[in-house]
Amino acid sequence: MPRRSRTSTALGIGATAVVALALAAPPALAGPAAAPDPVPSLVAGQDTAAPQLVTGLAEPAVGSPADAARAHLAAHADRYHVDPGELAEVGSESTADGRRTVRFEQRHDGVPVFGAQYLVHLTGEGAGQRVESVGGRYFTGLTAPTTATVPAAALRDAALGSVQDPKARAAATAEDHGLVVLPDGAGRLAQRFTVHATDPATGGPQAREVFVDATVGVVALAYDTRAPHPAGGTDQRAAAAPAAAGLEPATGTAPDARGNSAKVNIARLPDGSYQLTDLTRPAAITTYDAGGRDEMDFGGGIPADLPPAHSPGPGFPASTGTSGATDASVNAGIVYDFYHDRLGRNGLDGKGGAITSVVNVTQDGAPYANAYWDGKKMIYGSGGPNYYPFSAALDIAGHEMTHGVISNTADLAGMGQAGAMNEAIADYFGNAIEVTARGMSMNDPAAALLGESKCRTGTPQACADRRMDDHRTTVNDYLGGTIDNGGQHLNATIFSGALWDIRRTLDPLTADRVVYRALTAYLTPLDDFVAGRNAALAAGRDLGLSPAQLRTVAAAFDGHGIRTGWESRIGMDSRTLARSLSYSMAPPAAAGGHWVAMAPAPDPVKGTGGGNDSKTTALYTGSTTGRGTPVRLSPDDGRYHSWPATDGTNAVWKAIGTTAQDHSRELLTAPLSGAGPVRSLFLAPGQEPGSAQISGGDIAFTVNGSGRTGIWLSHDGAPAVELPLADGHHPDDLTLKDGYLAWTESWQDGQQHVTAPTVYSIAAGKVTAQYTAHAAPGAAASTASSARLAGGRLLWMDAPNRIGAHAAIRSGALDGSGVNEVLAADAPNAPTIGSNLAASDQAVTYKVESTKPAGGWTNSALPKLWQLPLGGGTPQRLSCNRGGQDQPAADQGTRVVWLDSTPGRTDLVVRDRAAGTC
Ligand SMILES: [Zn+2]
């Protein structure tokens, strides 16, 4: 179901498209020559030598499925490039028709590789056993270290630091899951945490998967999740064997959420009373009535003092209906039967494990109008005045329980295209279950609606959360960026629309079997839409679909733009300077017709991965006109290079050592032309340099050490010296231009936290302006940030200390003689608090973020950049690119480079002037 979530998701992982390279398939793989077959016989992997999919095999395989699969991979090392010694079996599926899938997870020198799974499909028995197809994601270019060099406490602090709200951060916890390798280029060793906090906006729980680079100590990847909280017990009671608890099957009656009497399967306790446990299937289905307890109370499991929904006799009380307990129990049984009878699956885990629902939870004291799978069980809100309990909508129950099936099979990661497929498959089966159980026609207008029956009032169309017949396509509608974990709900109907079209054009049963086999036998955690298409086609062929039927499946994906290379067909009004910068949080720099940006790949222009390159990150530079080929700026020393600044001639940046021997924190500088050497600017044990800026012969930076931060300045190539700063004063946002240095200075004045844009004249050797008195007398205090020197003045943002407010842009003379308002905080399209200013001598550019629209996120609501003249005026859209825009850096005049997620990945792009109105 819809979740409110904003997060930083580096989409470099899992958001890349499969590229079907023109590799000649080995002769053994060649299919029939004549008949056009929509199922590709070989799909090459991206950033790896291991193919993503090989179909049409019939090669003998001896031994247990796992042994046979390993032997097959080893015998064809030239085809797969997979080292069986790096594979750990994580699950296997077998079907009634004798097909077996062995699912392996990749290890890198023993460390799990996040989302990397490789699958081998077998058929036949004994001497007749054959390998039919092989595929998944196995990364052959990993050279990442396997030992963390950042201390454990610092890794945990970095994970907790990803919680933005200071109060929420102070109370947050980080559950440590150990080391993983992120399969990004050469790989990135990371410590994986689940960070639990309270959402300051809603008071509800917030859980986020956070991966902290274990050799650098910065967050490499983060996305929201519903992982259960580790504290507060386990779900052991829910999973306890019913027989051991002395339960006997019985039947009873209970009112449902709409007040109708329903027959329910219940369990009789040894004391003669009854509870809502359905024992009629191999998987016991138990339902708990939270009785209005907060959803957070169930994060770690069922509280020890809460029994299942209970009744002294077999006739359950009215509260069993109003809470949603009856519907949760009945609907869980319908979902179980659908998966069992139609698809041969024994429960969510496939092994008849207990199925647990919790209904009637609240959130922050209010009725909760949502539902989710928390990794172990279903949690349903009681709805409220406008909604029935969410368990009363069969498609919602089917959706949440399908998340349980997915987490036990393909385990699609909850971000980007994989996250969208996770939601799409949950939507597909949620609706397929409802349509099947209710005997609805696929042509019924309500068939494609999800969640349409949960509303007490209004039409189904108005009530539905999503509709699978919204005709959305990748090229027209794909929503890139970081909102909604990279669009996991927003982009879901692009994929589910294709699946639903298959269900409408093939017969429903065949479609359900195709989607189910794609999920259980082909999809892996980081797959994208095109891999999903290939998975469905491969599943269809396994199931004996005719060529015409397979073409119908392919046409359904075509109809939603899901085909190889779709990302390159999205229209943009900007020039692309570098593709697939995985780290969408790393700001670029620009000046004098040149850009500098960080990328993990040796060749950001082609968008290829790191291959055998062992570097963590590198800085590249190129022309903001897009002419010429970007060149690598940072040395090839295995360190992490980031945080660049440039004056158009030279760049400064920070390098971080990434090995046990090298903990260096060094500032470096080099000419953009590549004509001179890389020089060290600052390196001192225990001292952390940062915020480096450069202008002509002057370089300024901060140094943090011994609990304080100082400003250092190197004038005209002389050694850097520290500037005097009052005790307890903290500098931030350094900016340097034409003989002036400026920063935002903050300090504590009694109870008040003061922030003051401050100007320092290098020639005069003193502070010449400090603007602390801009707030009108009696007005609420404001916070200054993002100081920038431009056009002979100092610019900054002034944000009222009010939730939801926008910031004003102000400018001050460098001699302290006065302040102008460039843009009022209440002007249309004023900057969002937290934005950064990008200023040239002509224009200032900034970001505006929207609050979530009532109808859910759309491309138009993603962050956009706006520009206005330096002296003031009406802000104009910098670019009409439909996706997310972030991290602007001003070049000359009105030219700005920024990070753009419109193409479904993060690219560095440029425009020479504002687009105006879009
Ligand atoms: Zn969902």
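Residues numbered from 1 in each chain as written. Predicted model: local features only at pLDDT ≥ 70, side-chain atom pairs only at ≥ 80, totals over all residues. Heavy atoms only, no water.

Here we come to helix 1 (residues 65–75). Since one α-helical turn is 3.6 residues long, residues separated by three or four positions face the same way. Looking at helix 1, one finds that the buried residues are Ala-66, Ala-68, Ala-69, His-72 and Leu-73. Along helix 1, the residues classed as buried sweep out an arc of 165 degrees about the axis, all on the same side. The elements touched by buried residues of helix 1 are strand 3 (59–60), helix 2 (77–80), strand 4 (87–94), strand 5 (100–108), strand 6 (111–123) and strand 7 (130–136). (Buried < 20%, exposed > 50% of the residue type's maximum accessible area, 1.4 Å probe, protein only. Helix = DSSP H or I, 4+ residues; strand = E, 2+ residues; numbered from the N terminus. Arc of directions from axis to C-beta. Contact = heavy atoms within 4.5 Å.)

Turning next to the coordination of the zinc ion. Those protein atoms acting as donors to the zinc ion are His-399 (NE2), His-403 (NE2), Glu-423 (OE) and Glu-423 (OE), and they sit at 2.1 to 2.8 Å. Around the zinc ion sit four donor atoms; with metal-centred angles ranging over 51 to 137 degrees, the donor geometry is irregular. Counting along the primary sequence, the residues that act as donors to the zinc ion give the motif H-x3-H-x19-E. Taken together, the residues His-403 in helix 8 (residues 394–407) and Glu-423 in helix 9 (residues 416–437) connect sequence positions 20 residues apart. Like His-403, the residue Glu-423 is buried in the burial classification. (Donors = N, O, S within 2.8 Å, 3.2 Å for Na, K, Ca; no water. Tetrahedral: all angles 85-135°; square planar, octahedral: opposite > 155°, others 65-115°.)

Further remarks concern the confidence of the model for the protein. Model confidence for the protein is summarised by a mean pLDDT of 86, while 89% of its residues fall at 70 or above. The least confident element of the protein is helix 5 (residues 236–239), whose mean pLDDT is 44; the most confident is helix 7 (residues 325–343), at 98. Taken together, the stretch residues 229–239 has pLDDT below 50 and engages in 28 contacts with residues farther than four places along the chain or on a different chain. Ignoring residues within four places in sequence, the model shows residues 601–615, a span with pLDDT below 50, making 39 contacts including any to other chains. (pLDDT = per-residue confidence, 0-100.)

Between two cysteines, a covalent bond joining their sulfur atoms is known as a disulfide. Under the criterion given, the structure shown has two disulfides. At a sulfur-sulfur separation of 1.9 Å, the disulfide partner of Cys-455 is Cys-463. On the S-S bond that ties Cys-455 to Cys-463, the torsion sits near 90 degrees, and the link is right-handed. Looking at Cys-455, the relative accessible area reads 16%, which means it is buried. With a relative accessible area of 7%, Cys-463 lands in the buried category. (Disulfide = S-S within 2.5 Å.)

With that settled, the discussion passes to the nonpolar core. By size, the foremost hydrophobic cluster in this structure holds 100 residues, and its most contacted members are Phe-114, Tyr-339, Ile-355, Tyr-380, Phe-429, Trp-500 and Phe-557. A total of 10 residues in this core trace back to one element, the largest contributor, which is helix 9. (Core = buried A, V, L, I, M, F, W, Y, C linked by side-chain atoms within 4.5 Å.)

Take the pairing of strand 39 (residues 752–761) next. With respect to burial, strand 39 is a largely interior element, eight of its 10 residues being buried. Where strand 38 (residues 740–749) hands over to strand 39, the hairpin turn is made up of two residues, of which Gly-750 adopts a positive phi near 60 degrees. Two elements, strand 39 and strand 40 (residues 766–770), share four bridges in a ladder whose sense is antiparallel. Each residue of the ladder has a partner; that of Tyr-760, found in strand 40, is Val-767. (Pairing = 2+ DSSP bridges.)

Before going further, it helps to examine the packing of aromatic side chains. In this description, a pair of aromatic rings is defined by centroid distance and the angle of the planes. Using the criterion set out here, one finds 22 aromatic pairs in the structure. Note on Phe-211 and Tyr-223: the rings are 6.3 Å apart at their centroids and 25 degrees apart in plane angle, and the pair reads as stacked. Pair noted here: Phe-211 is in strand 10 (residues 205–213) and Tyr-223 is in strand 11 (residues 219–225), with a separation of 12 residues, a long-range link. In this structure Phe-211 comes out as buried when scored by relative accessible area, which is 0%. Each ring, one from Tyr-339 and one from Phe-429, has its centre 5.5 Å from the other, and the planes form 50 degrees; the classification is tilted. With Tyr-339 in helix 7 and Phe-429 in helix 9, this pair connects stretches of sequence that are 90 residues apart. Here Tyr-339 and Phe-429 have matching classes, each one buried. Feature note: the residues Phe-338, Tyr-339, Tyr-428, Phe-429, Trp-500 and Tyr-516 constitute an aromatic cluster, connected by ring pairs. Of note, Arg-258 hangs over the ring of Tyr-388, and the distance from its end group to the ring centre comes to 4.4 Å. Against the face of Trp-643 rests Lys-654, its NZ or CZ located 5.4 Å from the ring centre. (Phe/Tyr/Trp six-rings, centres within 6.5 Å; stacked < 30°, edge-to-face > 60°. Lys NZ or Arg CZ within 6 Å of the ring centre and 35° of its normal.)

Turning our eyes to something else, we now look at the packing of helix 9 against helix 14 (residues 508–522). At a closest axis distance of 11 Å, the pairing of helix 9 and helix 14 adopts a crossing angle of 150 degrees. For the element pair helix 9 / helix 14, the angle class is roughly antiparallel. Note on packing geometry: the crossing formed by helix 9 with helix 14 is left-handed. Of the residues in helix 14, those in contact with Ile-425, Tyr-428, Phe-429 and Ala-432 of helix 9 are Pro-508, Ala-511, Asp-512, Val-515, Tyr-516 and Leu-519. (Axes fitted to C-alpha atoms, helices over the stretch in contact; angles between N-to-C directions. Parallel < 35°, antiparallel > 145°, perpendicular 65-115°, else oblique. Left-handed = near helix turned anticlockwise from the far one by under 90°.)

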